[in-house]
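Observations on the model geometry
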Amino acid sequence: MAQRKRPHHRPAIPTVAGESARESLSIAARFEFKVDDDGMHRFEYRAAIEEIAPLLRGVMRVEAELLVADAATIGTDAEESRSPDQRRADAFVALIVRASDALAQAA
């Protein structure tokens, strides 16, 4: 009797905010982080938009989630008063944390 071959199972590539978690972290790892004299944290990366597009798309998707969550708090005791720049920075950090968690769970 011939043995049936089991299909080769490839592990799923973890995604976060619609983008590859691994690619998002790889792009973010190339950013240069600086602290200004006033204590503000900044990050810089000079590259063609095509190179960082996956990370930017992911950040924008998380930023949209945060905007919706902030809107839901308007007029409540839990109202969030983040500036657009603060929300974008929070989205960047949230994306990196989610991507790290997704890769750790996939391992």
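Along each chain, residues carry numbers from 1 onward, in the same order as the chain's sequence is written. Whole-chain, interface and lining totals are the exception, using all residues; otherwise, since this is a predicted model, local features are given only for residues with pLDDT of at least 70 and side-chain atom pairs are given and counted only at 80 or more. The basis for every side-chain value is the complete set of heavy atoms in the structure, and neither hydrogens nor water enter the calculation.

Further remarks concern the side chain of Arg82. A run of DSSP states H or I qualifies as a helix once it reaches four residues; a run of E qualifies as a strand once it reaches two. Both are numbered from the N-terminal end. Structurally, Arg82 can be placed in the loop between α2 (49–72) and α3 (84–106). A 3.5 Å cut-off defines polar contacts: any pair of N or O atoms within that distance qualifies, except that in protein one atom must be a possible hydrogen donor and the other a possible acceptor, and neighbouring residues in sequence count only when both atoms are side-chain atoms. In terms of polar contacts, Arg82 uses its side chain to reach the side chain of Asp70, at 2.6 Å. In this structure the side chain of Arg82 is engaged in a polar contact, spanning 2.8 Å, whose partner is the side chain of Asp90. By definition, residues are in contact when any of their heavy atoms lie within 4.5 Å. Ignoring any residue separated from it by four or fewer positions in sequence, one finds Arg82 in contact with Leu66, Asp70, Arg87 and Asp90.

This brings us to the pattern of salt bridges. In what follows, salt bridge is the name for a side-chain nitrogen of Lys or Arg lying within 4 Å of a carboxyl oxygen of Asp or Glu. Applying the stated criterion across every chain yields a total of eleven salt bridges. One salt bridge connects Arg88 with Asp85, and the closest N-O pair in it is separated by 3.1 Å. With a gap of three residues between them, Arg88 and Asp85 both fall in helix α3, about one helical turn apart. Here the residues in one salt-bridge network are Asp70, Arg82, Arg87 and Asp90, joined through shared partners.

Moving on to the nonpolar core. Soluble globular proteins: nonpolar side chains tend toward being buried together. Nonpolar cores were defined as sets of buried Ala, Val, Leu, Ile, Met, Phe, Trp, Tyr and Cys residues, with membership established by side-chain atoms within 4.5 Å. A simple rule labels every residue: compare its accessible area, found with a 1.4 Å probe on the protein chains alone, to the largest value its type can have, and call it buried under 20%, exposed over 50%, or partly exposed in between. Core analysis: the biggest nonpolar cluster contains 19 residues, and Val16, Ala21, Leu55, Val59, Val62, Phe92 and Leu95 have the highest contact counts within it. Among the elements of the structure, α1 (21–28), α2 and α3 are those that each provide at least two residues to this core. Sort the elements by how many residues they give to this core and α3 lands first, with seven residues. Those residues in contact with Val59, other than ones at most four positions away along the chain, are Arg88, Ala91, Phe92 and Leu95.

Despite not being glycine, Ala17 has its phi angle at roughly 55 degrees, a positive value. With respect to the secondary-structure elements, Ala17 resides in the loop between β1 (15–16) and β2 (19–20).

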